[in-house]
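Residues per chain, in single letters:
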Amino acid sequence: MEKNELIAEKRTASGKKNKELRAAGKVPAVVYGHGVASEPLELESKAIERIYRSAGGNKIVALKVGAGKARNVLIHDVQHASARGE
């Protein structure tokens, strides 16, 4: 079975600054769960596209934030550029 791993970094940019993030080839993301504080992240655009095409929203993906330990996550929702009006 193929293991899908995604590497992310913590995100400090928010709001309109996300446009600059996207221009740099990164994608803003948020990880959240029951009883866990939400965590804003940034992902490499090409990596998330590759993972989403192979895993879609139905498979578990190993998410590694910085040098931390990988944890299993489920891709819940993806907002495409056309939906944002870009």
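Shown above is the structure to which this text applies.
The text that follows walks through the structure, step by step, so that each part is easy to find.

Some thoughts on the overall build of the protein
No. 1: Within the protein, the secondary structure is distributed over 3 helices and 5 strands.
No. 2: Going from the N terminus to the C terminus, the protein shows its helices and strands as β-α-β-β-α-β-β-α.
No. 3: A buried classification covers 28% of the 86 residues belonging to the protein.
No. 4: A separation threshold of at least 6 residues defines the contact pool for the protein, and within that pool the share at least 24 residues apart is 45%.

Quick word on the nonpolar core
Nonpolar side chains tend toward joint burial in soluble globular proteins.
No. 1: With 13 residues, the main nonpolar core has Leu-6, Ala-8, Leu-41, Leu-43, Ile-51, Val-61 and Leu-63 as its most contacted residues.
No. 2: Going through the elements one at a time, strand E1 (5–10), strand E2 (26–33), strand E3 (36–44), helix H2 (45–55) and strand E4 (60–65) are the ones with two or more residues in this core.
No. 3: Once residues lying within four places of it in the same chain are set aside, the contact partners of Leu-63 are Leu-6, Ala-8, Val-31, Leu-41, Leu-43, Lys-69, Ala-70, Arg-71 and Val-73.

Focus: the sheet that holds E4
No. 1: Read from one edge to the other, the open sheet built from 5 strands follows the order E2-E3-E1-E4-E5, with strand pairing classed as mixed. The sheet is open, and its two edges are formed by E2 and strand E5 (71–74), each paired on a single side. The average undirected angle you get between the axes of adjacent strands in this sheet is 45°.

Thoughts on the pairing of E5
No. 1: As defined by bridge partners, E4 adjoins E5 across 4 bridges and the pair is classed as antiparallel. Pairing of Leu-63 across the sheet is with Arg-71, part of E5.
No. 2: Counted between consecutive antiparallel strands, the loop separating E4 from E5 contains 5 residues, among which Gly-66 sits at a positive phi close to 60°.

What about the pattern of salt bridges?
No. 1: Within the structure shown, the criterion is met by 4 salt bridges.
No. 2: Put simply, Glu-42 and Lys-26 hold a salt bridge, and the shortest N to O gap is 3.8 Å. Residue Glu-42 is located in strand E3, and its partner Lys-26 is located in strand E2; the two are separated by 16 residues in the primary sequence.
No. 3: Classification of Glu-42 as buried rests on a relative accessible area of 17%.
No. 4: Close ionic contact of Glu-39 with Arg-71 constitutes a salt bridge, the shortest N to O distance being 2.6 Å. With Glu-39 in strand E3 and Arg-71 in strand E5, this residue pair connects regions lying 32 residues apart in the sequence.
No. 5: Through salt bridges with shared partners, one network takes in Lys-10, Glu-39 and Arg-71.

Thresholds, definitions, all that
- Residues numbered from 1 in each chain as written.
- Predicted model: local features only at pLDDT ≥ 70, side-chain atom pairs only at ≥ 80, totals over all residues.
- Heavy atoms only, no water.
- Helix = DSSP H or I, 4+ residues; strand = E, 2+ residues; numbered from the N terminus.
- Buried < 20%, exposed > 50% of the residue type's maximum accessible area, 1.4 Å probe, protein only.
- Contact = heavy atoms within 4.5 Å.
- Core = buried A, V, L, I, M, F, W, Y, C linked by side-chain atoms within 4.5 Å.
- Pairing = 2+ DSSP bridges.
- Axes fitted to C-alpha atoms, helices over the stretch in contact; angles between N-to-C directions.
- Salt bridge = Lys/Arg side-chain N within 4 Å of Asp/Glu carboxyl O.

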